[in-house]
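# Secondary and tertiary structure notes
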Amino acid sequence: PDTGEIYHIKYNPPPAEIAGRVVQRKDDNEETAKTRIEKYRKVESYLKSAFGDVAQEIEGNIPPAEVWKLTDAALAECK
């Protein structure tokens, strides 16, 4: 909490000088992640079936400015 940084045990471990102070959330585990992904997929499936004729998928793993450009273009098509 002191640094405000987020770490990952495997992919982004904390520096040695603060590793002893880092805490892991109780819900930060594989079971919770699987449950959240399952819930996401159910909601996603519902949204696609309910709004598939008007919805557009936009890739979110790109720079925010690019996401906005794609979102803005999709909204412009709705007018």
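Note that the structure is predicted; figures quoted are calculated from it, not measured. The numbering scheme is per chain: residues are counted from 1 as the chain's sequence reads. Predicted model: local features are reported for residues with pLDDT of at least 70 only, side-chain atom pairs are reported and counted for 80 or more only, and whole-chain, interface and lining totals are derived from all residues. Hydrogens are left out, water is left out, and the side-chain values use all remaining heavy atoms of the structure.

## Some details on the overall build of the chain
The criterion, for reference: By the criteria applied, helices consist of DSSP H or I runs no shorter than four residues and strands consist of E runs no shorter than two, each listed in order from the N terminus. Each radius of gyration reported is based on C-alpha atoms, and the globular scaling rule is 2.2 Å times the count of residues to the power 0.38.
Within the chain, the regular secondary structure consists of three helices and zero strands. Element order for the chain, N to C, with α for helix and β for strand: α-α-α. Against the 2.2 N^0.38 benchmark of 12 Å for 79 residues, the chain shows a C-alpha radius of gyration of 19 Å, more extended than a compact globule. With respect to the principal axes defined by its C-alpha atoms, the chain has extents near 55 × 30 × 20 Å.

## Structural notes on the confidence of the model for the chain
Using the following cut-off: For every residue, the predictor assigns a confidence score, pLDDT, that lies between 0 and 100.
Across the chain, the average pLDDT comes to 90, with 99% of residues at or above 70. The least confident element of the chain is helix H1 (residues 16-19), whose mean pLDDT is 89; the most confident is helix H2 (residues 30-51), at 94.

## As for H2
Let me state the cut-off plainly: Here the expected span of a helix is defined as 1.5 Å times the quantity of residues minus one. A 3.5 Å cut-off defines polar contacts: any pair of N or O atoms within that distance qualifies, except that in protein one atom must be a possible hydrogen donor and the other a possible acceptor, and neighbouring residues in sequence count only when both atoms are side-chain atoms.
Relative to the 32 Å expected for 22 residues at 1.5 Å per residue, H2 spans 31 Å between its end C-alpha atoms, a close match to the ideal helical length. The N-cap residue of H2 is Asn-29: its side-chain oxygen and the backbone nitrogen of Glu-31 are 3.2 Å apart.

## Concerning the environment of Ile-58
Let me state the cut-off plainly: In what follows, residue pairs with any heavy atoms lying within 4.5 Å of each other are defined as contacts.
Mapping Ile-58 onto the fold places it in the loop between H2 and helix H3 (64-78). As for Ile-58 and Ala-74, which are separated by 16 residues in sequence, their C-alpha atoms are 8.9 Å apart. For Ile-58, the residues in contact, after removing those within four places along its chain, are Val-67, Leu-70, Thr-71 and Ala-74.

## Quick notes on the pattern of salt bridges
Side-chain pairing between opposite charges can occur once the charged atoms of the two side chains come close. Threshold: Counted as salt bridges are all cases of a side-chain nitrogen of Lys or Arg within 4 Å of a carboxyl oxygen of Asp or Glu. Here the term buried applies to any residue with accessible area under 20% of the maximum for its type, exposed to any over 50%, and partly exposed to those in between, with areas from a 1.4 Å probe on protein chains only.
Scanning all chains against the criterion turns up seven salt bridges. A salt bridge links Lys-42 to Glu-38; the nearest nitrogen and oxygen atoms lie 3.5 Å apart. On the criterion of helical spacing, the pair formed by Lys-42 and Glu-38 is a turn pair, its members being four residues apart in helix H2. Owing to a relative accessible area of 57%, Lys-42 belongs among the exposed residues under this scheme. Residue Lys-48 is joined to Glu-57 by a salt bridge in which the shortest nitrogen-to-oxygen separation is 3.0 Å. Through salt bridges with shared partners, one network takes in Arg-25, Asp-27 and Arg-36.

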